[in-house]
Amino acid sequence: KQRFAGKTAIITGAGSGIGRATAIKMAREGANIALFDLVNERTADVERKLNQIRKGCALAVDVDTSSPERMEAAVKKTVEHFGGLDIVFANAGINGSIGPIEELSIEDWQRTLNVNLTGTFLSLKYTIPHMKSKGKGSIIITSSINGNRRFASFGFSPYSTTKAGQVAFAKMAALELAKFKIRVNVVSPGAISTNIDQSTEPTEELESIVIPIEFPEGQQPLADGPGKPEDVANLVSFLASDESSHITGAHIVIDGAESLL
Ligand code: NAD
């Protein structure tokens, strides 16, 4: 299927995990993709892989999604390079620091908010004008069941707060942008096998009290273990494509029933 022939997508956090899998899938289906990430080596690998799928379809852009100046420049570069913008997958995120609330520093709290919430805001702020000028667009935001359906991850209060905030932001944006035919949907994965646990930065004092994230068998009744990045990529691709043209403001959980336990 070539659902994205002639379309351009920005994917944030495209150097790893869910963003990477989505970039590969959409490139296979014809999209040009700007890979936004701050880890350059990994992103360069994804760029190479995409260019093997279709020469010239990928552009790696070194950007911290929480920086307004860098995001504005990165979006401009993308549009100049590919000539327009149709799809935005605001996916970059970190677990951030985890631990008891009274042990978390203001810097811990702000960093998680900056990446997960401000980064999402900026991913829309600078891209909306380009989709408006096309008269159409599709935006997908990666939230999480943590903060929306599941609250059992001890110490994840900053992360879960940002993930809940992303759902509200997506719904506000969906209503605001409907008259421009720009759709905004939000997905909440359960545990997915990716590198995200490496983004957790417990401070030294916190290290002793942080409870490791374990994934007991049966935690996702539909699967043998955690979900795969490709599972989320399939859903995101559907939401990015015209097959979902009547869906906006939707919050879709993709967790193998983990949050029902
Ligand atoms: P990952 O760590 O494998 O990939 C995330 C990518 O985002 C990395 O390449 C990282 O370098 C990049 N990134 C982080 N901060 C950035 C920044 N400020 N600017 C640009 N790039 C940045 O993790 P993943 O699991 O694929 O995470 C993707 C999204 O999925 C996140 O929003 C995460 O909260 C969400 N999520 C993940 C899970 C899971 O179990 N893995 C579950 C629910 C939701």
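Everything that follows concerns the structure shown earlier in this document.
The model shown is predicted, which means the values in this text are computed figures rather than measured ones. (Residues numbered from 1 in each chain as written. Predicted model: local features only at pLDDT ≥ 70, side-chain atom pairs only at ≥ 80, totals over all residues.)

S.K.: Can you tell me about the overall build of the protein, naming the residues and giving the values?
M.R.: When its secondary structure is counted, the protein shows 8 helices and 7 strands. Computed over its C-alpha atoms, the radius of gyration of the protein comes to 18 Å, within 12% of the 18 Å expected for a compact globule of 261 residues. Judged by the C-alpha coordinates and their principal axes, the protein covers about 50 × 40 × 40 Å. Burial analysis of the protein (261 residues in total) assigns 49% to the buried set. Across the protein, the fraction of contacts at a sequence separation of at least 24, relative to all contacts at a separation of at least 6, is 74%. (Helix = DSSP H or I, 4+ residues; strand = E, 2+ residues; numbered from the N terminus. Rg over C-alpha atoms; globule rule 2.2 N^0.38 Å. Buried ≥ 20, exposed ≤ 12 C-beta atoms within 10 Å, placed from the backbone. Contact = placed C-beta atoms within 7 Å.)

S.K.: Pulling in residues and values, what's your account of unusual backbone geometry?
M.R.: Residue K181 is not a glycine yet carries a positive backbone phi of 60°. Its 15 C-beta neighbours within 10 Å are what place K181 among the partly exposed residues. We note that A257 has phi near 75°; this positive angle belongs to a residue other than glycine. Mapped onto the fold, A257 is located in the segment after strand 7 (251-254).

S.K.: Would you mind going over the packing of helix 1 (residues 17-28) against helix 8 (residues 229-240) in detail, with residue names and values included?
M.R.: Packing of helix 1 against helix 8 brings their axes to within 8 Å, and their N-to-C directions diverge by 55°. When the axes of helix 1 and helix 8 are compared, the pair comes out oblique. Of the two elements, helix 1 crosses helix 8, and the hand of that crossing is right-handed. Contacts between helix 1 and helix 8 involve G17, I18, R20, A21, T22, K25 and M26 from the first element and P229, E230, V232, A233, V236, S237 and A240 from the second. Here the contact of helix 1 with helix 8 is composed, by residue class, of 8 nonpolar, 3 polar and 3 charged. (Axes fitted to C-alpha atoms, helices over the stretch in contact; angles between N-to-C directions. Parallel < 35°, antiparallel > 145°, perpendicular 65-115°, else oblique. Left-handed = near helix turned anticlockwise from the far one by under 90°. Nonpolar A, V, L, I, M, F, W, Y, C, P; charged D, E, K, R; others polar.)

S.K.: Summarise the site of the ligand; cite the residues concerned and give the values.
M.R.: Taken together, 31 residues sit near the ligand, with G13, S16, G17, G93 and T194 positioned nearest. Looking at the shell around the ligand, the elements that each hand over two or more residues are helix 1, strand 2 (32-37) and helix 4 (106-125). It is helix 1 that contributes the most residues to the shell around the ligand, 3 residues altogether. A class-by-class count of the residues in the shell around the ligand yields 12 nonpolar, 16 polar and 3 charged. (Near = placed C-beta within 6 Å.)

S.K.: I'd like a description of the sheet that holds strand 2, backed by residues and values.
M.R.: Taken together, 7 strands build an open sheet; the order of strands is 3-2-1-4-5-6-7 and the sheet is parallel. This sheet does not close on itself; its edge strands, each paired only once, are strand 3 (58-62) and strand 7. Going from strand to strand, the sheet's axes swing by 15° on average, the running direction of each strand aside. As paired strands, strand 2 and strand 3 are joined by 5 bridges and run parallel to one another. (Pairing = 2+ DSSP bridges.)

S.K.: Before we move on, could you go through the pairing of strand 6 (residues 182-189) and cite the residues and values that matter?
M.R.: Extensive coverage of strand 6 is indicated by the burial of 8 of its 8 residues. Burial along strand 6 is two-sided: the face carrying I182, V184, V186 and S188 and the face carrying R183, N185, V187 and P189 are both buried. Assessed by its sense of winding, the connection that carries the chain from strand 5 (residues 137-142) through helix 6 (residues 157-177) to strand 6 is right-handed. In this sheet, strand 7 lies alongside strand 6 in parallel orientation, the contact comprising 4 bridges. Considered in strand 7, the bridge of S188 is made with V253. (Right-handed = clockwise from strand over helix to strand, strands pointing away.)

S.K.: Please provide a residue-by-residue account of helix 3 (residues 68-82), values included.
M.R.: Between the first and last C-alpha of helix 3 there are 21 Å, a value that for 15 residues agrees with the 21 Å anticipated at 1.5 Å per step. When helix 3 is considered as a whole, its buried residues turn out to be M71, A74, V75, T78 and F82. The arc enclosing the buried residues of helix 3, seen along the axis, measures out at 95°, which places them on a common side. Opposite its buried face, helix 3 presents the exposed residues E69, K76 and E80, each directed more than 90 degrees away. Elements in contact with the buried residues of helix 3: strand 1 (8-12), strand 2, strand 3 and helix 4. In the stretch just after helix 3, G83 is the one whose phi turns positive, near 85°. (Expected span 1.5 Å × (residues − 1). Arc of directions from axis to C-beta.)

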